[in-house]
Every structure is written in structure tokens, then in C-alpha cells.
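# An overview of the molecular structure
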Amino acid sequence: AAIDEARGAFERHRWDAGPLLAVDAPPGETETVKNPARPRDEVGTVTWASPDTVAAAADAAKPWDASAEERSKVLNGIADLYEANYGELFAILHREAGKSLQDAVAEIREAVDFLRYYGARTEGEPAVGVFACISPWNFPLAIFTGQIAAALAAGNGVLSKPAEQTPILAWRAAQLMHEAGVPKTVLQLLPGAGEVGAALTSNPAVGGVAFTGSTETAQIIHKSMAENLAPGAPLIAETGGLNAMIVDSTALPEQAVAAIIESAFQSAGQRCSALRCLYVQEDIAESFTEMLTGAMEAMRIGRPWDPSTDVGPVIDKDAKAEIDAYIAEAEETGRVLKTCDTPDAGHFVAPTLIKVSGIEDLEREIFGPVLHIATFAADEIDKVIDAINGKGYGLTFGLQTRIDDRVQHVSDRIEVGNIYVNRNQIGAIVGSQPFGGEGLSGTGPKAGGPDYVERFRKHPAEA
Ligand code: ADP
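Residues numbered from 1 in each chain as written. Predicted model: local features only at pLDDT ≥ 70, side-chain atom pairs only at ≥ 80, totals over all residues.

The name given to the protein in an unreviewed UniProt entry is Bifunctional protein PutA, with the source organism recorded as Roseivivax halodurans JCM 10272.

Written out as C-alpha cells, the structure reads:
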């Protein structure tokens, strides 16, 4: 019903988003925001913040002096407002971020869960002060909300910079946060690109940074914080992954194929948890690859609003160009085993399977529906584990096997944040399955887990 409502009321709606500030500041430029599945559909406009806007907002920013009880009430109130405005949030997720029906529904659920979970954890040590929360476009509601909710739960003020690809959703969600009772001085929204983020992470009024995005940007932020912010200012980072799965010859092939299709291609592969490199034991490789490519063929690529769609668009023109170029290069060297048809208009990329000799061939994370496949011999499991660990991107790892000893052996040795056995490789389930990486993939503790909010507090040892 909410989805029908979204369709009726918001299919043609236009939103005009911009900074939400506690002070007057000169506005930046205004730009049109378009639908990635249908570039002629204008979702609305956004007025950007500039580095001057950041300076004014940072001067006005304050920690939240409400009691722990009051903060908990307001966070739950935001969750209530998200639920009451489900149709509108759904429509923006769909039209601005290209989210499929299932993905949009799951994402609103996750955002609400974060609000209620952190809203139950407002008691504790005092806040750090004012946090900069810098979020990505791939979970434009859930990650945006999760970072802010954790910072607010601990009593911090927040300067939020959402991703430049998804400003409207962030603006609408931040409006609901204000409506629920978060003061304007406590939460300000600064839509913009990297320069706005850079202005934030170098402003000495900022006491800590929560960031989700690429490893490269995390490293730039780390450096900027060391040079400009107070010593010991916390950086809470969730970054990229080069995630692998091992399928041995005892695995149940149907189960493994279903898990792979979801893990690699759901959200058009635009998840940090997504499967990038599949290892199949060589004696089953041929039949297994055939089954996998058959399943890829059956996938439906198209308009996200259609419930039968499996794979929607990638986020924008640049993303499509980058992924297409990567696939074309693999095609030239004859390594593409399977690719699919896509609609002509819109930023669609074909789900593609590329042959490699191992994860060491992957130079960087390709943020799209591209899966690499390698084979290994029966006695090479440890070699595969060493190769995965050697990459240092420890976010997710999947194992499909029916050998119990092997589950133990591999789990003991593999250095990743999240291990998935005989199932799909997906991100957080708030409360029961916290999500986060190791090494180049993040700083921990995991989002959606009991220790996450603690990072947003001042602890006696560090005071
Ligand atoms: P992605 O590949 O997900 O776009 P990015 O790391 O580029 O990864 O972006 C994640 C977030 O970091 C976005 O909100 C982006 O605008 C922001 N960002 C990009 N460059 C910087 C920077 N130099 N300082 C702070 N934030 C940045």
C-alpha cells in the first residue's frame, strides 16, 4: 500500500533540496538531480554548500545537551517519522538512487533499525563534541542515518555531508530529524562534493569524523585530521572491500549459485559487502560455471520500479563509463565468460563474469555488477586464503562447503570482518549481525553492534 501511495503521490514530484543550517550563510550553486534509470526524469534540484557554508555551520554547531532519556525519545521519534513517511522516502530512494523495490524496502527498514537500536544506547560517557558525518550514495538512507543516529545517541552535534549523488534523500531525512526534535544547532546538513568534505575534516571545531566510502578518501581524511584537528580525534571509517568466496567440490551447487547471484549482483554490485572474486574448486569448475552463467542469463535487468527486476542501474554516467571500460578491457584479452543484455536508456551495466587467475589480479574495487572467477586445486585452500589475506581488504568472505573441519580451518585463518558460510554475503542486520571490516576495509567496531556508539564518546582514558 505504501508503495502504491509512493507511486501515486511521488512519481512526478520534484523536491528542492539544499543546506539545512542553524545560521545564515551564502548559498552555493544549484543543480538538477536526475533519475539514474531514466535520465529524463528530473527528481528535483539541490543547492550545494560551499567551504564558506561549512565554516559558518561549524561556528554555530553545538553538542546536544538534552538528557539521555530525551535523546532516546527523539531518536525513536525520527524512526516513527521515517515510518510515517515511508512512501516518500521509498520514492526518493527509487528515483534518486535507482534502488529496486526490494532494496528500497530493506534500506528503510535498516535505517529505522539503526535509529531504534542506537536510540536504546544513549546512556554512557559524555559526547566527543561535534562530529562530521560523511556518507556514501550506495546506502543513501541507511548509512547516512546510522552514522548520525550513533553520533546523536552519544550526545554529539553533527555536521553531515551526504554524497553528492543523493542529496535529496539526505535533505528530506534531515528535515524529519529536525521535525522529531533534533535542534538545528545540533544537526546541520551540508550537501556537496569532496571539497565540502575536505572543509569539514580540516575544521578545528570538528571533534571526530564518521566516514563511509573509499579507502583512498579515508586515507586523505586521516591525514587531514592529523594535521588540523585536536590530537586523538576519532576517525570511524568503513571503506572498500575486495571480497571473495570459496566454493569447494562438496558445496550444494544450487545453494551456492543462488548465494553468488545475490552477493555479486544485488544492488547492481554497488555494496561494499558485494562478492568480487569467486574461487571454485577445479574438478567442479566447468559444470559450476555453466550453472552460474545460466542463472545470470535468467536475471532481469531494467527499471527498478518493476517488481520482477533483479538488477537496476548503476548510480550515474561516470560510474557506468568506468565499469564499461573495465569490462571492455577484459573483453580485449578474452577473459569475459558471460555478459547480459541491458536496456538502452539509463545507466545500466550488464552483469558480467570475468576469468582471473586469483584475487591478486584485481587491482581495485569495481563498484558494479562485475564478478571475477578463479579456480583452485584440492590442496590449494591455504594458498587461496593467503592470497585473500594478502590483499588486506578484510570486509566480507563467503565459504560454500559441507566439510565441517574446513569451516573451522578457514574461519580461523581468514582475516576479514564478516564471514558467511553456505549463504549469501550481505551487509548489516542491525543488532544481530553488526557489519564492519579489518585492515584497509575499516577501523571497527562494527556498525549495528553494541560497541559502535562507544566510539562517539569521550572515554576517561583518552580524556
Ligand atoms: P565513493 O566511491 O563511494 O563515491 P568516496 O570516498 O569518493 O567513495 O565518497 C564517499 C564520501 O566521501 C562522499 O560523501 C564524498 O563526497 C566524500 N569525499 C570525497 N572526497 C573527500 C575528501 N577529500 N574529504 C572528505 N570527504 C570526501
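What follows picks up the thread again.
It is worth spelling out the site of the ligand at this point. In the vicinity of the ligand there are 16 residues, among which G194, G197, G213, S214 and T217 approach most closely. Those elements that provide at least two residues to the shell around the ligand are α8 (194–201) and α9 (215–228). Among the elements that make up the shell around the ligand, the one with the highest residue count is α8 (4 residues). Residues of the shell around the ligand, tallied by class, amount to 7 nonpolar, 7 polar and 2 charged. (Near = placed C-beta within 6 Å. Helix = DSSP H or I, 4+ residues; strand = E, 2+ residues; numbered from the N terminus. Nonpolar A, V, L, I, M, F, W, Y, C, P; charged D, E, K, R; others polar.)

Attention now goes to unusual backbone geometry. At S267, a residue that is not glycine, the phi angle is positive and equals roughly 55°. Overall, S267 belongs to the buried group, with 26 C-beta atoms counted inside 10 Å. Positive phi values are uncommon outside glycine, yet A268 reaches one of about 50°. Residue placement: A268 occurs in the loop between α10 (253–265) and β10 (275–281). According to the C-beta neighbour criterion, A268 is buried, with 31 such atoms within 10 Å. (Buried ≥ 20, exposed ≤ 12 C-beta atoms within 10 Å, placed from the backbone.)

On a regular strand, one side chain projects to one face of the sheet and the next to the other, so that they alternate. Burial along strand β16 (residues 418–421) is one-sided: N418 and Y420 are buried, while I419 and V421, pointing the other way, are not. In the sheet, strand β15 (residues 396–400) pairs with β16 via 4 bridges, with the strands oriented parallel. Following the sheet pairing, T396 is matched in β16 by N418. The β-α-β motif built from β15, the intervening helix α14 (residues 404–413) and the parallel element β16 has right-handed crossover chirality. (Pairing = 2+ DSSP bridges. Right-handed = clockwise from strand over helix to strand, strands pointing away.)

To continue, consider the UniProt feature "active site" (unreviewed entry) in the protein. Mapped onto this numbering, the UniProt entry gives "active site" (unreviewed entry) at E238 and C272. Their sequence span is 35 residues, while the largest C-alpha to C-alpha distance among them is just 8.9 Å; these annotated residues converge on one region. The residues touching E238, leaving out its near neighbours within four places in the chain, are T212, C272, G436, G437, G442 and A447. For C272, the contacting residues outside a window of four places in its chain are E238, G240, G241 and L395. (UniProt positions renumbered as here; feature names shortened; annotations may be inferred. Contact = placed C-beta atoms within 7 Å.)

Either a parallel or an antiparallel arrangement is found when strands of a sheet pair, and the pairing is made through backbone hydrogen bonds. In space, the 7 strands of this open sheet follow the order β11-β12-β13-β10-β9-β15-β16, with mixed pairing throughout. Edge positions in the sheet fall to β11 (336–339) and β16, since each of these pairs with one other strand and no more. Neighbour to neighbour, the strand axes of the sheet diverge by 20° on average, direction disregarded. As judged from the 3 bridges shared by β11 and strand β12 (residues 352–355), these two strands associate in the antiparallel manner. Paired with T339 across the two strands is T352, which belongs to β12. Against the sheet, helix α12 (residues 317–332) contacts β11, β12 and β13 (370–376), and its axis sits at roughly 135° relative to β11. (Axes fitted to C-alpha atoms, helices over the stretch in contact; angles between N-to-C directions.)

For the rest of this paragraph, the subject is the packing of α10 against helix α11 (residues 282–297). Axis angle and axis distance: for two packed helices, these are the angle between their axes and the distance between the axes, and together they describe the pair. One way to put it is that α10 packs onto α11 with a least axis distance of 10 Å and a crossing angle of 45°. Judged on the interaxial angle alone, α11 and α10 are oblique. In the crossing of α10 with α11, the sense of the turn from one axis to the other is right-handed. Along the contact surface, α10 presents P253, V257, I260 and I261, while α11 presents F288, M291, L292 and A295. (Parallel < 35°, antiparallel > 145°, perpendicular 65-115°, else oblique. Left-handed = near helix turned anticlockwise from the far one by under 90°.)

This brings us to the pairing of strand β3 (residues 38–47). Sheet topology places strand β1 (residues 15–17) next to β3; 3 bridges connect them, and they run parallel. Across the sheet, the residue bridging to W15 is G44, located in β3. Across 6 bridges, strand β2 (residues 30–35) lies against β3 in antiparallel orientation. Across the sheet, residue K34 finds its bridge partner in β3, namely E42. With antiparallel pairing between neighbouring strands as the criterion, β2 and β3 make up a hairpin whose turn holds 2 residues.

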